[in-house]
Amino acid sequence: MKKENLVKFYQTYKLYIFPAAVALSSIFLILFAIYPQTAKLISNQKEAGSLISKSDFLETKVLALESLDAEDLSTKVGFALNALPSEKDFSNILGLLQQLAGQTGFSISSISLSGSTSKLSNIESYEVKMEMNGTKVLLPVFINELENSTRLMKIKKIDVSSGQFSQVVDVSLIVQVLYSSLPQTFGTTDSSLPELSQKDEELLATMARVVGETPISPDTAIAPRGKSNPFE
């Protein structure tokens, strides 16, 4: 195209060329400069708000942790581990059963661990078989002592036999003993602190009464404990 034609074309369409150039420039700036920067600014503001919220949450969590009574918490952990230890604790449970039997006047003729085990959710159990004899009238006392001890266990099966006029009974029973492995995770930094419910507090208070308000440390939580001898 000759120069004269270009000049003529420019003179004819100059009222449209400048607005079109300005419009194209504006679109270019919006697409490749203003919009990316605006989007980045909005994203940064959201991230900043999220960080502030997380910081406030962590600060609240730290204050809650600092307000905890370490000694009281340790005692409660001890009660919980005493009731539901993380291991099978065979020696302790055998000692506890012998102690409970002796306190209620029963003599154990045999005691053995059963190979039967079961699991429900994260609660596991094993069985202990016992053969013993003692006074008939004290059998309910033994059962009550066993099922209300601080160690979680229950009588799964019981057979009682005696002479027609005898007050001495032979007892064969299977005791189901519960235990549970410790949790592998205790939550993340973003999770809320777990809190004891009113029911949990009441249960811990009951445990405290059963063991005579004696603090239990986690290191000795699975040691067998019983009530005072009623015959002393």
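Quick notes on the rules
Residues numbered from 1 in each chain as written. Predicted model: local features only at pLDDT ≥ 70, side-chain atom pairs only at ≥ 80, totals over all residues. Heavy atoms only, no water. pLDDT = per-residue confidence, 0-100. Contact = heavy atoms within 4.5 Å. Pairing = 2+ DSSP bridges. Helix = DSSP H or I, 4+ residues; strand = E, 2+ residues; numbered from the N terminus. Axes fitted to C-alpha atoms, helices over the stretch in contact; angles between N-to-C directions. Left-handed = near helix turned anticlockwise from the far one by under 90°. Nonpolar A, V, L, I, M, F, W, Y, C, P; charged D, E, K, R; others polar. Expected span 1.5 Å × (residues − 1). Buried < 20%, exposed > 50% of the residue type's maximum accessible area, 1.4 Å probe, protein only. Arc of directions from axis to C-beta.

How should the confidence of the model for the chain be read in this particular structure?
Low-pLDDT stretches of the model should not have their predicted coordinates read in fine detail. Taken over all residues, the pLDDT of the chain has a mean of 79, while the share at 70 or more is 84%. For residues 213-232, every residue scores under 50 in pLDDT, and the model assigns this stretch 44 contacts once sequence neighbours within four places are set aside.

Quick question: what am I supposed to make of the pairing of strand β4 (residues 168-180) here?
Consecutive side chains along a regular strand alternate between the two faces of the sheet. In this structure, strand β2 (residues 123-135) lies alongside β4, joined through 13 bridges in antiparallel fashion. For N133, the partnering residue across the bridge sits in β4 and is D170. Here strand β3 (residues 153-162) pairs with β4 via 9 bridges, running antiparallel. Among the inter-strand pairings, M153 is bridged to a residue of β4, identified as V177. Linking β3 to β4, which pair antiparallel, is a turn of 5 residues.

Honestly, the packing of helix α3 (residues 90-103) against helix α4 (residues 139-147) in this entry has me stumped. Any pointers?
Packed helices, taken two at a time, are described by their axes: the angle between them and the distance between them. Put simply, α3 and α4 touch, their axes get as near as 9 Å, and they point 145 degrees apart. At the point where α3 passes α4, the crossing takes the right-handed sense. Counting all contacts with α3, which are made through L97, L100, A101 and Q103, the residues of α4 involved are F142, E145 and L146. Residue composition of the contact of α3 with α4, grouped by class: 5 nonpolar, 1 polar and 1 charged.

Where do I start with α3 in this structure?
Helical periodicity: at 3.6 residues per turn, an α-helix aligns residues three or four positions apart in one direction. The terminal C-alpha atoms of α3, which comprises 14 residues, lie 20 Å apart, in line with the 20 Å expected from a rise of 1.5 Å per residue. When we look at burial in α3, the residues that qualify are N92, I93, L96, L97, L100, A101 and Q103. On an axial view of α3, the arc spanned by its buried residues comes to 165 degrees, and they lie on one face. Downstream of α3 by a residue or two, G105 has a phi angle that is positive, lying close to 80 degrees.

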